[in-house]
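# Reading the structure
For reference, the chains in residue letters:
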Amino acid sequence: MASIAKHIASILVVDDDRAFRVATTAVLNDEGYNVHTVASANEAIEKLGKHTYDIVLSDLVMAGMDGLQLLNHIHTNYSDTLTIMITGYGSIESAVEAMKSGAFDYLTKPCNNDELRIKVRRALEYKQNRQALSSLREEVHKLYTFHNIKSRNKKMREIFELVKKVSETDVTVLIRGETGTGKELIAKAIHFNSSRRDKAFVTVNCSAIPDQLFESELFGHVKGAFTGADKNRIGRAEEADGGTLFLDEIAYIPPSAQTKLLRFLQDKSFDRVGGSETITSDVRIIAATNQPLEDMISEGTFREDVFYRLNIFPITLPPLRERLEDIPLLAEHFIEKYGATLGRNVKTISPSSISSMMNYSWKGNIRELENIIKRAIIKTEGDCITDIDIPKNDVYDTSMPSSDLTTTVENNIPFKDYMKSIAADAEMKYLITALKAHNGNINQVARMMQVDRKTIYRKIAEYDIDVGQFRR
Ligand SMILES: Nc1ncnc2c1ncn2[C@@H]1O[C@H](COP(=O)(O)OP(=O)(O)OP(=O)(O)O)[C@@H](O)[C@H]1O
Ligand SMILES: [Mg+2]
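What you see is a predicted model; the values in this text were computed from it and never measured.

Moving on to the domain arrangement of the chain. With domains assigned, the chain is organised as domain 1 (2-140), domain 2 (146-316), domain 3 (320-385) and domain 4 (405-470). Relative to domain 4, the C-alpha centre of domain 1 lies at a distance of 67 Å.

Written as structure tokens, this is what we have:
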């Protein structure tokens, strides 16, 4: 931004009226701009070939080539240059025509100096914002280029090749893999390497939306469709028009929404909740899951036809324990990423730390590794991580609490609070045992415990349980 702000704007004034050129130049020079003037469109074209202008301020009616022709020339050859057209007083039609042909703005003659200053300033601001936006876009693109997805593993390298190829198409992709294996990262890489990169990447986390609101979240609703629907609202599917819709944790899509999703997957059309108009949205769909969808189909909790519509181009990311060669690479990558930003000067990691990382099970995969490195960076005083905290034992102890009653009584803990803590402890241990028995399958645990899966998610978060470790 700073470099844009320091840049002195260049303006070309084109008018066959000398008095107008002189007056305008005086005003714009006072504003600190660099101003050139010419008396005809032909001279303007010559100037444009030699010099870069931020703005061309041109009269519409001139002898020889007129302002509109000049505008077209600028539009085709210098898309970064904005044009402000000067039209005769009262000729609103020509102003409209100039705007239609791509002028940024217009001024009517005789010009009011304040209006001239304001319109030029506004055009320059617009240009700065446009530039800032496009450099931000580039930053985002860079974040999701394949350079930032690290792997030496042969299977992963093959996956990268597939991902590059599929990015160029509009095919639906289903990304599978354990928690923390990089499913979202791959989904974004597909979007940002596709022709849709400048349009939206919209994520719907299917496990985080309450069942009753799911359809409205995805497809929108019309005013009055249900209690609380006090205005029309567009859904995520419409928001993603032209871009990519990422259906994350697709296994948790409520059964009631699957029929509508099927239609959407088939022809990208839907209607808003309570609406009758059919809406079509041009979206590319990417879905992700860490759940065994095939088992869910056999159990009857996931529709087979939905699965086939999603499983067009499946990508399965291997867990970290099957690509141990990536551990040193990823450790270095995260040290580089966080080493300085966390206020530390960490640059490297000791061989013994790497070797203890090589012997760990990594059930939380790359996310777990990322967090462990972040923690180690914060703890490290020098520039090398030597002390890395690898959990010794990744299975929770589920024995019942050996509550120390004497301490409780001595600390005057009321009986009801004591009972509450025992109940919470028991609840957590019950949940962990159930998760273990069902290999971390939330749907099965919810059914077994006879509560809905949102409650299970809430409890998991409350007790900070890492479900990944129970998944097989
Ligand atoms: N190959 C990789 N190179 C660098 N960073 C990675 C790689 N894979 C994953 N990560 C990082 O690990 C973290 C977890 O990745 P991501 O969120 O994509 O996983 P996920 O499979 O979607 O997990 P979950 O199933 O829990 O949602 C992110 O911070 C991501 O940037
Ligand atoms: Mg994810």
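Before going further, it helps to examine the nonpolar core. If you look at the biggest cluster of nonpolar residues, it comprises 32 residues, and the most contacted ones within it are Leu245, Leu247, Ile250, Leu261, Phe264 and Phe302. Mapped onto this core, the elements with two or more residues apiece are strand 7 (201-205), helix 9 (214-219), strand 8 (244-248), helix 11 (258-267), strand 11 (284-289), helix 12 (293-299) and helix 13 (304-310). A total of 4 residues in this core trace back to one element, the largest contributor, which is helix 11. For Ile250, the residues in contact, after removing those within four places along its chain, are Leu174, Cys206, Leu261, Ala287, Ala288, Thr289, Leu293, Phe302 and Leu310. If you look at the next biggest cluster of nonpolar residues, it comprises 22 residues, including Leu320, Phe334, Tyr338 and Ile349.

Here we take up the pattern of salt bridges. Going through the model one piece at a time under the given rule, you end up with 34 salt bridges. Across the pair Lys109 and Asp59 runs a salt bridge whose closest N-O atoms are separated by 3.5 Å. Pair noted here: Lys109 is in the loop between strand 5 (105-108) and helix 6 (113-143) and Asp59 is in strand 3 (residues 55-59), with a separation of 50 residues, a long-range link. Just as Lys109 is buried, Asp59 falls in that class too. Residue Lys379 is joined to Asp389 by a salt bridge in which the shortest nitrogen-to-oxygen separation is 3.0 Å. Linking Lys379 in helix 16 (residues 365-379) with Asp389 in the loop between strand 14 (384-385) and helix 17 (405-410), this pair joins segments that are 10 residues apart in sequence. Relative accessible area serves as the criterion here: at 43%, Asp389 is assigned to the partly exposed category. A network of salt bridges, in which partner residues are shared, links Glu31, Asp114, Arg117 and Arg121.

It is worth spelling out the packing of aromatic side chains at this point. Applying the stated rule across the entire model yields 9 aromatic pairs. Taken together, a centroid distance of 4.9 Å and an interplanar angle of 40° make the contact between Phe104 and Tyr126 tilted. Here the residue Phe104 occupies a position in the loop between helix 5 (92-100) and strand 5, and Tyr126 occupies one in helix 6, the gap between them amounting to 22 residues. Assessed through its relative accessible area of 22%, Phe104 is described here as partly exposed. Assessed through its relative accessible area of 38%, Tyr126 is described here as partly exposed. Here the aromatic residues Phe219, Phe264 and Phe270 are joined through ring pairs into a cluster of three or more. One residue, Lys109, lies across the ring of Phe20, its end atom 4.8 Å from the ring centre.

Turning our eyes to something else, we now look at the sheet that holds strand 12 (residues 313-316). Taken together, the 5 strands give an open sheet; going across it, the order is 7-8-11-6-12, and neighbouring strands pair in parallel fashion. Of all strands in the sheet, those with a lone pairing partner are strand 7 and strand 12, marking the two edges. Each strand of the sheet is rotated relative to its neighbour by a mean of 20°, with strand direction disregarded. Of the pairings in the sheet, the one linking strand 7 to strand 8 comprises 5 bridges and is parallel in character. In the sheet register, Asn205 faces strand 8, and the bridge partner there is Asp248.

The rules behind these values
- Residues numbered from 1 in each chain as written.
- Chains lettered and ligands numbered in written order.
- Predicted model: local features only at pLDDT ≥ 70, side-chain atom pairs only at ≥ 80, totals over all residues.
- Heavy atoms only, no water.
- Domains from an automatic or database assignment.
- Core = buried A, V, L, I, M, F, W, Y, C linked by side-chain atoms within 4.5 Å.
- Buried < 20%, exposed > 50% of the residue type's maximum accessible area, 1.4 Å probe, protein only.
- Helix = DSSP H or I, 4+ residues; strand = E, 2+ residues; numbered from the N terminus.
- Contact = heavy atoms within 4.5 Å.
- Salt bridge = Lys/Arg side-chain N within 4 Å of Asp/Glu carboxyl O.
- Phe/Tyr/Trp six-rings, centres within 6.5 Å; stacked < 30°, edge-to-face > 60°.
- Lys NZ or Arg CZ within 6 Å of the ring centre and 35° of its normal.
- Pairing = 2+ DSSP bridges.
- Axes fitted to C-alpha atoms, helices over the stretch in contact; angles between N-to-C directions.

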